[in-house]
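Next come the chains, spelled out residue by residue.
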Amino acid sequence: MNLSLGHYLVLGAALFLIGLFGALTRRNVIGILMSIELMFNAANINLAAFNHYLHPGGVTGMTAALFVITVAAAEVVVGLALVLTIYRNSATAYVEDFHLLKG
Amino acid sequence: MQNLGLLAPEIALSLLGLGLMLADILAPAKSSKLLYHFAWVAAAVALALIARGLSVSGGLPLPVSGGLWVVDPMSQFFKLAVLLSVIMTVMLCLEYGQLPPAQAGTFCALLIFSTVGMMLLVSATDMLLVFVALELISISSFVLTGFERRNRKSNEGAIKYFLFGAFSSAIMVYGISLYYGATGTTRLVDPQSAGLWLPALQTKSPVFTLAMLFILLGFGFKAAMAPMHFWVPDAYEGAPLPVAAFLSVAPKIATIGVLARVYMVLVPAASLGFTTLLALLAMLTMTVGNTVALFQDNVKRLLAYSSIAQAGYILIGIVAGTALGIQGVLLYSLVYVAMNLGAFAVVQAVGDNGSRDGLGSYELAAFDGLAQRSLSLALFMTAFLLSLAGLPPLAGFIGKFYLFAAALSAGRSASGGISPAVFYGLAVVGVLNSVVSVYYYMKIAYHMFFLPANSGKGERLPSKDGGPLPAALHAGPYLYGCLAVALAGVLYFGIYPDPLIANVQLSVPHLP
């Protein structure tokens, strides 16, 4: 069986939807973070697949994927730091316990 | 390489940000105020550099570089507005008591990095640069929001902001990957001629439309458009007040700037069939912001919802998509910086009061009898609120007038299958919303002028009788400086808007 662009796009879309579902339903901040990472990686798969199948001469897609990986890593670092701070102050990482701010 | 000079303000500010982080380690905590002064002077220098660049070019088309970013009067206008807001924010920080002095350098550096991100964002003509610039803004803002590390509200605001921000970035990146698939590049302009480049074939393809929709959603989160606005009140209430003031202004107008560039100039919304969608988003944004603001008891939250509604007004100009619309967007963005930062400055004077005990309150009750405690602050606040509500002769009126006029003129010349009713409806909804907004803006004025003063510190309404009158409220010189700049802008552009209008009109013909 030959892998085509379609296969990769379906994989990317499936990964994106799984991540979307997880981000909207997870109750733990770490779980939401992992789901968001899935969505970023779905985009990376798309970028690499488009580059390989549609524009084999160029490197734009691969470069973009590298940028996305780097920026996502920076984002996760900040996110984990925030989770750590809130855990120190209120000993919870579940979003339903974040209820000081409302109105 | 010869174009690198055009990036000089951004490069200088980035280096300065790194320097500030180093200075944070080297400088003793008691000289932390010095770092704030350093930061605002640097922003002022960058502002002067950009203003000089504009006057040297004398309105001629500025050079455009390779296709990754563009320097034109519109981008420079937004950069000036962003730098003005960062200068005013640092002024507020100088008077704000809750920031840890030991981390002043880090705080300033993050503020500066965020500003650099906005300056790149309004110049970007490449999706990858748009993404990186947006992330530079967002990641700095997450940390700034959570900067009061011991304050659980600050933690909570930051984590909510972070989750929504990361989620929207992920959606946007997926959109960018589809954009790359549909066009074979991440550029928004033609790489060869560096001019306008509409991939006519791709605009019809569903993948391209889907990509632009996802990217619009990503922008929508950052500009706090209505169905994606849930993070705004929580992030603003949790954030240190100067940061809330900054977030309500600078990232919002920078996102509006890139939204205008992408969806009005490079890939017009009408060519994608997005006009009705954008119009619905604008109506929803205005209505949700104004309606929920009616029921707020916390002034920070009230201003948060008001800033959502204000973004809705600016969207009217983007929906109109005409030259008049662009002018309205530019005009209102600058005016919005002055009036919103001014209002937040008064809220800081009342709620923070320079004390380090954190007893200040941002409840509406804290504004009771402000006129007795400090008449000047109450008058300042009234001017900003009237301008936000859009009453003449203040600057907010001119801005709104332009935006609604843009919608009406777009309705008159509507073509290409878009019903003129969309534009007329937009103008009507905008005017009705302005009327509604007068109620909650004036509610603050009512509390300031017609209710007896209380301690201003209680969470609940204290007893109305007895007890000594609360002490007069004093604000520091920098806060008054910030207020004076804001009021000058609101009054000057309200009474004599001609120079501003001339500048705004100048920037329209040079768009690619």
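Above this text is the structure in question.
Described below are features of the structure shown in this document.

Scoring rules and cut-offs
Residues numbered from 1 in each chain as written. Chains lettered and ligands numbered in written order. Predicted model: local features only at pLDDT ≥ 70, side-chain atom pairs only at ≥ 80, totals over all residues. Heavy atoms only, no water. Helix = DSSP H or I, 4+ residues; strand = E, 2+ residues; numbered from the N terminus. Buried < 20%, exposed > 50% of the residue type's maximum accessible area, 1.4 Å probe, protein only. Contact = heavy atoms within 4.5 Å. Areas by Shrake-Rupley, 256 points an atom, 1.4 Å probe, with all protein chains shown as cover. Phe/Tyr/Trp six-rings, centres within 6.5 Å; stacked < 30°, edge-to-face > 60°. Lys NZ or Arg CZ within 6 Å of the ring centre and 35° of its normal. Buried area = accessible area lost by both parts, 1.4 Å probe. Salt bridge = Lys/Arg side-chain N within 4 Å of Asp/Glu carboxyl O. Polar contact = N/O pair within 3.5 Å; in protein donor to acceptor, adjacent residues only side chain to side chain. Nonpolar A, V, L, I, M, F, W, Y, C, P; charged D, E, K, R; others polar. Core = buried A, V, L, I, M, F, W, Y, C linked by side-chain atoms within 4.5 Å. Domains from an automatic or database assignment.

1. Some details on the overall build of chain A
Phase 1 of the analysis: Secondary structure assignment for chain A yields 3 helices and 0 strands.
Phase 2 of the analysis: From first element to last, N terminus to C terminus, chain A shows the α and β order α-α-α.
Phase 3 of the analysis: Counting all 103 residues of chain A, 40% fall into the buried class.
Phase 4 of the analysis: Pairs at least 24 apart in sequence give 59% of the contacts found in chain A among residues at least 6 apart.
Phase 5 of the analysis: Total accessible area on chain A stands at roughly 5600 Å², and carbon and sulfur atoms take up 71% of it.

2. What to know about the packing of aromatic side chains
Phase 1 of the analysis: Scanning all chains against the criterion turns up 23 aromatic pairs over all chains.
Phase 2 of the analysis: When the ring of A:Phe16 is compared with that of B:Tyr174, the centres are 4.1 Å apart and the planes differ by 20°; the resulting orientation is stacked. With A:Phe16 in helix α1 (residues 5-25) and B:Tyr174 in helix α6 (residues 152-183), this residue pair bridges two chains.
Phase 3 of the analysis: A relative accessible area of 5% places A:Phe16 in the buried class.
Phase 4 of the analysis: Ring geometry for B:Phe167 against B:Phe221: centres 6.3 Å apart, planes inclined by 85°, an arrangement best described as edge-to-face. In this pair, B:Phe167 is assigned in helix α6 and B:Phe221 in helix α8 (residues 206-223), connecting sequence segments 54 residues apart. An identical accessibility class is assigned to B:Phe167 and B:Phe221; each is buried.
Phase 5 of the analysis: Note that B:Lys300 overlies the ring of B:Tyr362, its terminal NZ or CZ placed 4.5 Å from the centroid.

3. Brief notes about the interface of chain A and chain B
Phase 1 of the analysis: Taken together, the contacts link 43 residues of chain A with 39 residues of chain B.
Phase 2 of the analysis: For the pair chain A and chain B, the summed buried area comes to about 3600 Å², and 77% of that belongs to carbon and sulfur atoms.
Phase 3 of the analysis: The interface formed by chain A and chain B includes 0 salt bridges.
Phase 4 of the analysis: For the interface between chain A and chain B, the tally reads 5 residue pairs in polar contact (both at pLDDT 80 or more).
Phase 5 of the analysis: Elements represented by at least two residues in the side of chain A that touches chain B include exactly α1, α2 (29-54) and α3 (60-90) of chain A.
Phase 6 of the analysis: Take the side of chain A that touches chain B: its biggest share by element is 16 residues, from α3(A).
Phase 7 of the analysis: Residue composition of the side of chain A that touches chain B, grouped by class: 29 nonpolar, 12 polar and 2 charged.

4. Some words on the nonpolar core
All names here are of chain B.
Phase 1 of the analysis: Counting 225 residues, the largest nonpolar core has Met-212 and Tyr-263 as the members making the most contacts within it.
Phase 2 of the analysis: Residue assignment places this core across two domains, with domain 1 (1-273) and domain 2 (274-512) each supplying three or more.
Phase 3 of the analysis: Sequence-distant contacts of Tyr-263, defined by excluding residues within four places in its chain, comprise Met-212, Ile-215, Leu-216, Phe-219, Pro-268, Ala-269, Leu-272 and Phe-274.

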